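Residue strings, one per chain:
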Amino acid sequence: MSELKFVNERPKSLHSLVLLEDGETMCCASEEHPLIFVYSRGATTKLYGHTDGGVMALRTKGNLLASGGGDGVVKVWNVLEEQCVRSFHLYQHPVSALQWIGDLQIISGDERGVLVIWSLEDDSPTVLRGHNTRINHIEVISAAMIVTVDASGHAVLWKGDANVALEEKGRDISAVCHLKGVAGLGDGILIVFAIEQNLVLYASDGTRLRGQHVQFPIGRDNKWGISHLKPVGDCQLLIAIDQFACDTNIEDDMIICASYDSKEGFVQDFGFSGTNTEEVDSIGQITSLDVSSDESSILAGCEKKNLFHLTTTAQAFTQESSTIGPFNGTITAVSFIHDGIACVTNRGELFIRTTEGDQDILFPKRIIQEETV
């Protein structure tokens with residue numbers, strides 16, 4: 001038999017940070033603890049519900065929060081009322097990824113590759129079977145078009161009742177995104193995978209666009225890779241490049257803005273190198289990336305405990321302020337908030353930087369865990 005016990009222990013690490021539609025209510029969670037922390041206007045509340053393992057994924061829709069736990073349960077929360085409004089039980093293994101589909105559906109994947117579409121209106125889940133291992137990425141293009149990627153590098157395009165295998169097993173897919181309104185494609189949808197040191201492109205009918213790739217102006221050896229992709233502007237893409245070396249004289253771009261060309265693929269417009277600031281010797285791996293709602297600013301959180309706040313112009317990145325940090329630990333997630341920026345670290349802290357001042361939040365010790373008695 002199991003019961004919930006209170007223990008005096010803070011989350012040793014935070015891995016997720018999401019924002020409600022009010023722009024100031026932040027939800028944080030750890031992959032090591034079953035608790036969700038909510039911070040707003042100087043007050044901290046806690047959402048109790050998951051009972052085993054950690055909270056593996058968080059996604060918001062308006063003022064609703066969806067969470068996937070190590071207990072295999074998907075929950076939906078009314079955060080402002082501090083209530084769990086739905087709990088979905090089907091998985092026997094931890095939830096590894098989830099996304100909203102519109103306002104009333106959620107798609108989730110677990111450690112064994114089982115995908116489920118849940119409806120907030122009924123209790124009849126739809127199970128999708130096309131993977132055999134951990135789901136790493138879910139990209140919702142529309143209610144009728146979804147891309148999923150597992151840990152083996154197998155990617156599937158789901159279109160209604162049919163599915164098309166895109167990338168096969170064998171190569172790690174570190175990121176996936178899509179662009180809309182792309183000229184030269186029937187419906188204007190372009191699917192982009194980051195695989196090793198390349199971008200691999202597909203049309204929405206599952207056709208791979210041969211020869212479409214980026215020529216990265218990287219001057220170092222092979223110790224680099226693509227970590228994040230974010231679509232911005234008119235058929236533009238932000239590409240975050242991990243830096244694995246620590247030389248102080250490296251000047252390669254760590255964040256690239258590229259535009260899509262139907263003949264050449266993505267072509268670099270401009271880039272930013274964190275080492276050019278002369279404030280840090282290296283930024284290491286880029287661990288998190290966020291874009292402001294008006295797409296004019298970018299946040300990049302780094303392994304080396306620093307945060308870069310950039311603005312974009314027609315031809316360049318401009319650093320909004322001096323390098324922010326170093327923080328206490330590697331930055332694991334970043335977010336723009338209504339009057340500033342926020343990040344969480346692998347040391348279990350939430351850092352907020354606003355026009356009104358700085359706040360460093362170490363969450364209360366009292367949390368719950370499930371114990372066998």
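What you see as residue numbers is a count from 1 along each chain, following the sequence as written. This being a predicted model, a pLDDT of at least 70 is required before a residue's local features are given, and a value of 80 or more before pairs of side-chain atoms are given or counted; all residues contribute to the totals for chains, interfaces and linings. With hydrogens and water set aside, each side-chain value is computed from the structure's full complement of heavy atoms.

Observations concerning the overall build of the protein chain
Convention followed: Strands are runs of DSSP state E lasting at least 2 residues, helices are runs of H or I lasting at least 4, and numbering of each runs from the N terminus. In this scheme, a residue with accessible area under 20% of its type's maximum is buried, one over 50% is exposed, and one in between is partly exposed, where area comes from a 1.4 Å probe on protein chains only. Only heavy atoms matter for contacts: two residues are in contact if any of them lie within 4.5 Å across the pair. Computed with a 1.4 Å probe, the accessible areas rest on the Shrake-Rupley method; for each residue, only the protein chains presented here act as cover.
Within the protein chain one finds zero helices and 33 strands. The buried share among the 373 residues of the protein chain stands at 54%. Sequence-distant contacts in the protein chain: of pairs separated by 6 or more residues, those separated by 24 or more amount to 44%. Total accessible area on the protein chain is roughly 16,300 Å²; 43% of this is exposed by carbon and sulfur atoms.

A closer look at the layout of surface pockets
As a reminder of what qualifies: Grid points spaced at 1 Å and placed over the protein atoms alone form the basis of the search, with a cavity being a set where a 1.4 Å probe fits but cannot get out and a pocket an open set showing protein on both sides within 12 Å along at least five of seven lines. Lining residues have an atom within 4 Å of a point. Grid points are joined across faces, edges and corners, and a volume is the space filled by probe spheres set on the points.
A volume near 230 Å³ is recorded for the second largest pocket. I117, L128, A143, G160 and D161 are the residues nearest the centre of the second largest pocket, which is lined by 14 residues in total. Put simply, the parts of the chain that give the lining of the second largest pocket at least two residues each are β13 (126–129), β15 (145–150) and β16 (155–159).

Focus on the sheet that holds strand β27 (residues 307–312)
Our working definition: Think of it this way: DSSP has to see at least two bridges between two strands before they count as a pair. Each axis is a line fitted through C-alpha atoms, and for a helix only the stretch in contact is used; angles between axes span 0 to 180 degrees, taken between their N-to-C directions.
Taking strand neighbours across the sheet as the criterion, the four strands line up as β25-β26-β27-β28 in an open arrangement whose pairing is antiparallel. With one partner strand each, in any of the chains shown, β25 (286–291) and β28 (317–319) form the two edges of the open sheet. Going from strand to strand, the sheet's axes swing by 30 degrees on average, the running direction of each strand aside.

Section: the environment of V55
Relative to the helices and strands, V55 resides in strand β6 (residues 55–61). For V55, a relative accessible area of 0% translates into the label buried. Residues V55 and V74, spaced 19 residues apart in sequence, show a C-alpha to C-alpha distance of 9.8 Å.

Some remarks on the pattern of salt bridges
As a working rule, side chains carrying opposite charge can pair if their charged atoms are close by. Definition in use: Within this document, salt bridges are pairs made up of a side-chain nitrogen of Lys or Arg and a carboxyl oxygen of Asp or Glu, the two lying within 4 Å of each other.
Inspection of the entire model under this criterion finds five salt bridges. R41 is the salt-bridge partner of E24, the closest N and O atoms lying 2.4 Å from each other. You can see E24 sitting in the loop between β2 (16–19) and β3 (26–29) and its partner R41 sitting in the loop between β4 (36–40) and β5 (43–47), a full 17 residues away along the chain. Among the residues examined, R41 registers a relative accessible area of 71% and is labelled exposed. The shortest N-O distance in the salt bridge between D358 and R353 comes to 3.6 Å. With a relative accessible area of 55%, D358 lands in the exposed category.

Concerning the sheet that holds strand β32 (residues 357–362)
The strands making up a sheet are joined through hydrogen bonds of the backbone, oriented either antiparallel or parallel. Strand order in the open sheet formed by four strands is β29-β30-β31-β32, with antiparallel pairing between adjacent strands. Only two strands of the sheet have a single neighbouring strand rather than two, namely β29 (331–337) and β32. Averaged over all pairs of adjacent strands, the angle between their axes in this sheet comes to 15 degrees, without regard to strand direction. Here β29 runs beside strand β30 (residues 340–345); their pairing, made up of six bridges, is antiparallel. Bridge pairing in β30 links F336 to I341.

Considering the nonpolar core
As a reminder, the rule being used: To form a nonpolar core, buried Ala, Val, Leu, Ile, Met, Phe, Trp, Tyr and Cys residues must be joined to one another through side-chain atoms within 4.5 Å.
Ranked by size, the top nonpolar core spans 23 residues in total, and within it L190, V192, L199, L229 and F266 carry the most contacts. Only β18 (173–179), β19 (190–195), β20 (198–203), β21 (224–232), β22 (236–243) and β23 (255–261) provide two or more residues apiece to this core. If sequence neighbours within four positions are ignored, L190 has contacts with C177, H178, L179, V182, L185, L201, Y202, L209, Y260 and F266. Judged by nonpolar contacts, the second largest core, of 17 residues, contains L238, A240, I255 and F270.

Examining the pairing of strand β7 (residues 64–69)
With respect to burial, β7 is a largely interior element, five of its six residues being buried. Alignment of β6 against β7, held across six bridges, turns out to be antiparallel. If you follow A57 over to β7, its bridge partner there is G68. Two successive antiparallel strands, β6 and β7, enclose a turn made up of two residues, where G62 displays a positive phi of approximately 65 degrees. Where β7 and strand β8 (residues 73–78) come together, five bridges link them in antiparallel fashion. In the strand pairing of β8, L65 is matched with W77.

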